[in-house]
Amino acid sequence: MSEQTLASVTSIGDLEAPPAPDAGALLQRTALGDEAAFAALYDTLSPSVFGMAKRVIRNPARAEEVTQEVFLQVWQTAPRFDPSKGSAKSWVLTLAHRRAVDAVRHDQSATNRDLAYDWSPGIDHDEVVETVTVRLEHEQVKKCLSGLTELQREAITLAYYQGYTYAEVAQALDANPATVKTRMRDGLIRLRDCLGVES
Amino acid sequence: MSNDLHGLLAPYALDALDADERATFEAHLDQCETCQAELPGLVETLSRVGEAESATPPPALRASVLAAVSTTTQQRPVVSLDSRRRLRRSLPQLVAAAAVVAAMVGGGFAVIEHDNVSDMRADQERVTAIISAADATTTSGNVSTGGTLRVISSKSHSAAVVSGSSLKELPGDKVYQLWTMHHGIPKDAGLLGTKDGMVYVPKLGDAVAVAVTVEPQGGSKEPTGEPVAVTDLAT
């Protein structure tokens, strides 16, 4: 729904930059060794990768390192990308999240992460989000997360934003691990439907 | 058991599994069509969640990434161990295929790991297309440090599948790298791995032979030593 609103806005005025180049096409050209296409792909996706990594890792310098690693991996493994199995953007963000989580697990002891949990401002954090598109997306994700049950929401946010394993989530929330797994699934399905992602 | 594994789908999508469970689930994922159908929607959902956190990285990072990329070799599509069953099923009619299967089954067949199932699928399809091509031809040669190099090429596809079997295992900082030979000039064709492996060569062009060298992990832009194997392509 927000996409429609945004589309009508952009067609009238110049509130938003022109639509970003298609990441899938850029990735396919990257797979053929096209460095210019890769540079354009970086420009298109690096804010998502860096922003997400910063949110998960909570250390901008480390998030930069992870962003660099992710894009090197994208360059190296682009020939393996299969566009029929998902979008280029979700492929890159999946690689990025995996790396961000691995970095967090590597860098922080369990104790530090417990402290990080207490400090965490959660999805309501007030960082300035930079464009209309991102702000709308941010608001929509926030709204959809708030539509989950508390356990669903906490299980998903602790895992996604802080790199907890489901077993650690269970411990942190004093819940049964089997229940946590189920709530993650129920919550993700509800989130998927709320965000209008095709199942 | 299978139910238990299926329950790991959501934690897997969230990267909320430890390394062992992640490996276990990925093995299950290859077999589980329900999981394969459900995963993309969850992955796309979480990519929307990640995207909502967008923040512009420092400009210096762009220069650093582009500089690193200009000196980094790209990988070629490769085939995973997990695909061998399907491969075997689809190719029994061909002598060429039998050679490949023997190489894979006999050799332990270590390969560069895949990030997901769809990558493997795509590779399987490409490889199957070559091996099952009407004009598929097999050549093979010895590897000087031990083992055999087999090349199945198809003129109509201008592509080849190259496998190394019974290769001597290399130390972790070395890798077998494949080259296609064009009028005496070697061109990077991908990495075979640290022991047995397979590489799909999508464009043979005017190549007349393939060669294998031992290179530092990650591969080299040009060969840094004498080849351990050179095998002519079928003419």
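About the thresholds
- Residues numbered from 1 in each chain as written.
- Chains lettered and ligands numbered in written order.
- Predicted model: local features only at pLDDT ≥ 70, side-chain atom pairs only at ≥ 80, totals over all residues.
- Heavy atoms only, no water.
- Helix = DSSP H or I, 4+ residues; strand = E, 2+ residues; numbered from the N terminus.
- Buried < 20%, exposed > 50% of the residue type's maximum accessible area, 1.4 Å probe, protein only.
- Contact = heavy atoms within 4.5 Å.
- Areas by Shrake-Rupley, 256 points an atom, 1.4 Å probe, with all protein chains shown as cover.
- Disulfide = S-S within 2.5 Å.
- Buried area = accessible area lost by both parts, 1.4 Å probe.
- Salt bridge = Lys/Arg side-chain N within 4 Å of Asp/Glu carboxyl O.
- Nonpolar A, V, L, I, M, F, W, Y, C, P; charged D, E, K, R; others polar.
- Expected span 1.5 Å × (residues − 1).
- Arc of directions from axis to C-beta.
- Pairing = 2+ DSSP bridges.
- Axes fitted to C-alpha atoms, helices over the stretch in contact; angles between N-to-C directions.
- Phe/Tyr/Trp six-rings, centres within 6.5 Å; stacked < 30°, edge-to-face > 60°.
- pLDDT = per-residue confidence, 0-100.
- Left-handed = near helix turned anticlockwise from the far one by under 90°.

Asker: Any chance you could break down the overall build of chain A for me, citing the residues and the numbers?
Answerer: From N to C terminus, chain A includes 10 helices and 0 strands. Along chain A, helices (α) and strands (β) appear in the sequence α-α-α-α-α-α-α-α-α-α when read from the amino end. Going through the 199 residues of chain A one by one, you find that 48% of them count as buried. Counting only contacts in chain A whose residues sit at least 6 apart along the sequence, the fraction spanning at least 24 positions is 60%. Of the accessible surface of chain A, which amounts to about 9500 Å², a share of 52% is contributed by carbon and sulfur atoms.

Asker: Run through the state of the cysteines, naming residues and quoting values.
Answerer: All told, the structure shown has 2 disulfides over all chains when counted by the stated rule. A sulfur-sulfur distance of 2.0 Å marks the disulfide that ties A:Cys144 to A:Cys194. Where A:Cys144 bonds to A:Cys194 through sulfur, the torsion about that S-S bond is close to -80°, and the disulfide is left-handed. With A:Cys144 in helix α7 (residues 132–146) and A:Cys194 in helix α10 (residues 177–195), the pair connects residues that are 50 residues apart, well separated along the chain. Given the relative accessible area of 2%, A:Cys144 is considered buried. Covalent S-S linkage joins B:Cys32 and B:Cys35, the inter-sulfur distance amounting to 2.3 Å. Sign of the S-S torsion, about 80° for the bond between B:Cys32 and B:Cys35, identifies this disulfide as right-handed.

Asker: Just give me the short version of the interface of chain B and chain A, but keep the residues and values in it.
Answerer: In this complex, chain B contributes 59 residues to the contact, which on the side of chain A involves 70 residues. Sorting the residues of chain B by area buried against chain A places B:Arg48, B:Glu53 and B:Gln74 first, and these three jointly supply 12% of that buried surface. Taken together, the links from chain B to chain A amount to 8 salt bridges. One salt bridge in this structure joins A:Lys89 and B:Glu51, with 2.9 Å as the shortest N-O distance. At the level of elements, α2 (9–13), α3 (19–31), α4 (33–51), α5 (59–70) and α8 (117–131) of chain B are the ones that each hand at least two residues to the side of chain B that touches chain A. Top contributing element to the side of chain B that touches chain A by residue count: α4(B), with 13 residues. Split into classes, the residues belonging to the side of chain B that touches chain A amount to 26 nonpolar, 16 polar and 17 charged.

Asker: Let's hear about α7(A): which residues, and what values?
Answerer: In an α-helix there are 3.6 residues to a turn, and that puts residues three or four apart on one side. Residue and element names in this part refer to chain A. In a regular helix each residue adds 1.5 Å, so 15 residues correspond to 21 Å; α7 covers 21 Å between its end C-alpha atoms and thus fits that length. Here α7 has its buried residues at Val134, Glu137, His138, Gln140, Val141, Cys144 and Leu145. Buried residues of α7, seen end-on, are gathered within an arc of 165° and therefore sit on one face of the element. In α7, those exposed residues whose orientation departs by more than 90 degrees from the buried face are Lys143 and Ser146.

Asker: Please give an account of the sheet that holds strand β7 (residues 209–216) of chain B that cites residues and values.
Answerer: For sheets, the rule is that strands pair by backbone hydrogen bonds, running either parallel or antiparallel. Residues and elements named next belong to chain B. Judged by pairing direction, the sheet is antiparallel, and its 4 strands sit side by side in the order β5-β4-β7-β8 without closing on themselves. In this open sheet, the two edge strands, each paired with only one partner strand, are β5 (185–193) and β8 (229–232). Averaged over neighbouring strand pairs, the angle between their axes works out to 30° when direction is ignored. By the bridge criterion, 7 bridges tie strand β4 (residues 174–182) to β5 in an arrangement that is antiparallel. Paired with tyrosine 176 across the bridge in β5 is glycine 193.

Asker: Explain unusual backbone geometry residue by residue, including any values.
Answerer: For A:Asp174, which is not glycine, the phi dihedral falls at a positive 55°. On the secondary structure map, A:Asp174 appears in the loop between α9 (166–173) and α10. Judged by its relative accessible area of 74%, A:Asp174 is exposed. Of note in this structure, B:Asp15 is not a glycine but carries a positive phi near 55°.

Asker: Would you mind going over the packing of aromatic side chains in detail, with residue names and values included?
Answerer: Residue and element names in this part refer to chain A. Inspection of the entire model under this criterion finds 6 aromatic pairs over all chains. Each ring, one from phenylalanine 38 and one from tryptophan 75, has its centre 5.6 Å from the other, and the planes form 75°; the classification is edge-to-face. Of the two residues, phenylalanine 38 sits in helix α3 (residues 35–57) while tryptophan 75 sits in helix α4 (residues 60–77), which places them 37 residues apart along the sequence. Residues phenylalanine 38 and tryptophan 75 agree in their burial class; the two are buried. Between phenylalanine 81 and tryptophan 91, the ring centres sit 5.3 Å apart and the planes meet at 45°, which makes this aromatic pair tilted.

Asker: Requested: an account of the pattern of salt bridges, with residues and values cited.
Answerer: Tallied over the full model, the rule gives 13 salt bridges over all chains. Residues B:Glu38 and A:Arg185 are paired through a salt bridge, measuring 3.0 Å at the closest nitrogen-oxygen approach. Taken together, the residues B:Glu38 in helix α4 and A:Arg185 in helix α10 connect one chain to another. Among the residues examined, A:Arg185 registers a relative accessible area of 28% and is labelled partly exposed.

Asker: So what's going on with helix α2 (residues 23–31) of chain A? Which residues, and what values?
Answerer: Residue and element names in this part refer to chain A. Those residues of α2 that fall on the buried side of the exposure criterion are Ala23, Gly24, Leu26, Leu27, Thr30 and Ala31. The buried residues of α2 occupy an angular sector of 160° when the element is viewed end-on, so they sit on one face. Residues of α2 that are buried in the fold lie against α3, α4 and α5 (88–107). A positive backbone phi angle near 90° is found at glycine 33, which sits one or two residues after α2.

Asker: Explain the confidence of the model for chain B to me, using residue names and the numbers behind them.
Answerer: Averaged over every residue, the pLDDT of chain B is 77; residues scoring 70 or more account for 77%. This stretch, residues 78–117 of chain B, has a pLDDT under 50; its non-local contacts, to residues over four places away or in other chains, come to 84 contacts.

Asker: Give a detailed account of the packing of α4(A) against α5(B), specifying residues and quantitative values.
Answerer: As a packed pair, α4(A) and α5(B) sit with axes 10 Å apart at the nearest point and diverge in direction by 35°. The interaxial crossing formed by α4(A) with α5(B) has right-handed handedness. Together, A:Glu64, A:Thr67, A:Gln68, A:Phe71, A:Leu72 and A:Trp75 of α4(A) and B:Leu61, B:Ser64, B:Val65, B:Ala68 and B:Val69 of α5(B) make up the contact between the two elements. Among the residues making up the contact of α4(A) with α5(B), the classes are represented as 7 nonpolar, 3 polar and 1 charged.

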